[in-house]
Amino acid sequence: MRGRLDETLEHLLTKRLRFYEDLGIKLFYRHRAAAPRLENPTFLEPSAASSKVDASSSKPTPASSSWKPLATAAKPAPKWEPLPVAQGPTLFEAAERVEGDTLEKIRADMGDCMRCRLSKCRNTIVFGDGSPRAELVFVGEGPGADEDAQGLPFVGRAGKLLTQMIEAMGLARKDVYICNVVKCRPPENRTPERDEIATCSPFLFRQLDAIHPKVIVCLGSVAAQTLLHTNRGISHFRGEWLEYRGARLLATYHPAYLLRNPNAKGDVWKDLQKVMTVLGLTAKKGKLA
Ligand code: URA
């Protein structure tokens with residue numbers, strides 16, 4: 001009999017495909033032989049380091065398999081210098097932008113998520129907050145205790161500072177969109193782990209695709225490293241314009257870092273002024289208080 005899969009493999013494949021379907025992914029790859037040569041290989045062809053990093057992954061990456069991403073192939077080369085890539089794009093990012101995807105659909109697909117261990121100790125899923133048509137999106141790391149209690153991102157001490165930053169830019173929180181890489185609070189506010197980020201980040205990618213902002217500001221290294229697929233420290237590229245799926249991306253220090261290191265506020269204000277120039281905004285205040 002031709003092409004009959006081993007039962008265990010079939011079961012595993014079905015499970016994996018259901019998982020991707022839950023994330024809204026229906027079709028996501030085609031054979032490399034059919035893919036045109038890419039103008040911007042850095043985002044698609046991981047560096048030598050990347051194949052090492054992802055050696056344990058069950059997902060095919062461009063470096064480890066003969067599958068090539070679809071959508072990015074036709075993309076023009078970015079104007080900004082790409083960073084060395086630590087890990088290739090996930091299958092989700094290799095997918096086409098899903099036409100008509102909305103934040104409501106993404107939230108519904110997430111459901112009462114139990115996909116990773118963070119679900120066990122959370123109180124609330126903190127999906128995101130703000131305008132679905134925002135030109136500017138802030139991406140943080142993951143909810144803290146206040147966010148977990150209220151179900152809203154950046155409402156604790158660091159959140160109050162972020163609100164001040166947004167207002168200093170001449171905007172209100174309702175004008176922007178704010179979300180995190182992981183939607184559930186890591187216990188003791190620890191940094192989210194690699195597999196937790198891998199499980200949750202497709203929802204962030206979909207959020208960004210659905211909003212399609214002009215500018216994404218990554219708050220801290222977890223957000224920046226997740227969107228840029230790099231393991232470089234934020235100090236290597238903080239304040240530089242980079243590219244994420246057609247949007248301009250800038251990474252700056254996390255507000256929680258500013259609470260501990262107020263001297264870094266000047267750097268962050270310079271970064272935000274760059275964002276304001278791109279968005280044509282006028283400052284309300286001269287600097288961050
Ligand atoms: N820190 C984050 O990264 N996100 C929040 O929502 C709150 C604090």
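Once that is clear, we can look at the site of the ligand. Near the ligand you find Gly140, Glu141, Gly142, Glu147, Pro153, Phe154, Asn180 and His254, and these make up its full shell. At a separation of 2.9 Å, an oxygen atom of the ligand approaches a polar backbone atom of Phe154. For the ligand, an oxygen atom lies 2.8 Å from a polar atom in the side chain of His254. Residue classes in the shell around the ligand are distributed as 2 nonpolar, 4 polar and 2 charged.

The residue Phe154 is not glycine, and still its phi comes out positive at about 50 degrees. Counting through the fold element by element, Phe154 comes out in the loop between helix H5 (145-150) and helix H6 (157-168). Using a relative accessible area of 5% as the deciding quantity, one classes Phe154 as buried. Unlike most non-glycine residues, His229 shows phi in positive territory, near 55 degrees. Examined against the element boundaries, His229 turns out to sit in the loop between helix H8 (221-228) and strand S7 (241-244).

When you line up the elements, Arg122 lands in the loop between helix H4 (103-110) and strand S3 (129-130). What makes Arg122 buried here is its relative accessible area of 12%. Along the primary structure Arg122 and Arg185 are separated by 63 residues, whereas in three dimensions their C-alpha atoms are 5.8 Å apart. Look past the residues within four positions of Arg122 in its chain and what remains in contact with it is Asp112, Cys113, Asp148, Cys184 and Arg185.

It is worth spelling out the packing of H6 against helix H10 (residues 265-279) at this point. The axes of two packed helices give the description: the angle between them and the distance between them. Where H6 contacts H10, the two axes come as close as 10 Å, and the packing angle between them is 45 degrees. Relative to H10, the element H6 is oriented oblique. Where H6 crosses over H10, the handedness of that crossing is right-handed. Between H6 and H10, the residues in contact are Leu161, Met165 and Ala168 and Lys265, Val268, Trp269, Leu272 and Met276, respectively.

Across the sheet, which stays open at both edges, the 6 strands sit in the order S3-S5-S4-S6-S8-S7 with mixed pairing between neighbours. Of all the strands in the sheet, just S3 and S7 have a single pairing partner and so form its edges. Bridging between S7 and strand S8 (residues 247-252) involves 4 bridges; their strand directions are antiparallel. Each bridged residue has a counterpart across the sheet, and for Trp241 the counterpart in S8 is Leu250. In the packing of helix H7 (residues 194-211) onto the sheet, contacts are made with strand S4 (136-140), strand S5 (177-180), strand S6 (215-219) and S7, and the angle to S5 comes to roughly 165 degrees.

For the structure on display, the rule yields 14 salt bridges. The salt bridge partner of Asp175 is Lys174, with a shortest N-O separation of 3.3 Å. One salt bridge connects Arg238 with Asp271, and the closest N-O pair in it is separated by 2.8 Å. Taken together, the positions of Arg238 in the loop between H8 and S7 and Asp271 in helix H10 put the pair 33 residues apart, joining distant regions of the chain. Note on Asp271: relative accessible area 1%, which makes it buried. Put simply, Arg117, Arg190, Glu193, Asp195 and Glu196 are held in one network by salt bridges that share partners.

This paragraph deals with the environment of Val215. Topologically, Val215 is positioned in strand S6. Spatially, the C-alpha atom of Val215 lies 7.3 Å from that of Val275, the residues being 60 residues apart in sequence. Once residues within four sequence positions are removed from consideration, Val215 is found in contact with Glu135, Leu136, Val137, Trp241, Arg248, Val275, Val278 and Leu279.

Calculation criteria
- Residues numbered from 1 in each chain as written.
- Predicted model: local features only at pLDDT ≥ 70, side-chain atom pairs only at ≥ 80, totals over all residues.
- Heavy atoms only, no water.
- Near = heavy atom within 4 Å.
- Polar contact = N/O pair within 3.5 Å; in protein donor to acceptor, adjacent residues only side chain to side chain.
- Nonpolar A, V, L, I, M, F, W, Y, C, P; charged D, E, K, R; others polar.
- Helix = DSSP H or I, 4+ residues; strand = E, 2+ residues; numbered from the N terminus.
- Buried < 20%, exposed > 50% of the residue type's maximum accessible area, 1.4 Å probe, protein only.
- Contact = heavy atoms within 4.5 Å.
- Axes fitted to C-alpha atoms, helices over the stretch in contact; angles between N-to-C directions.
- Parallel < 35°, antiparallel > 145°, perpendicular 65-115°, else oblique.
- Left-handed = near helix turned anticlockwise from the far one by under 90°.
- Pairing = 2+ DSSP bridges.
- Salt bridge = Lys/Arg side-chain N within 4 Å of Asp/Glu carboxyl O.

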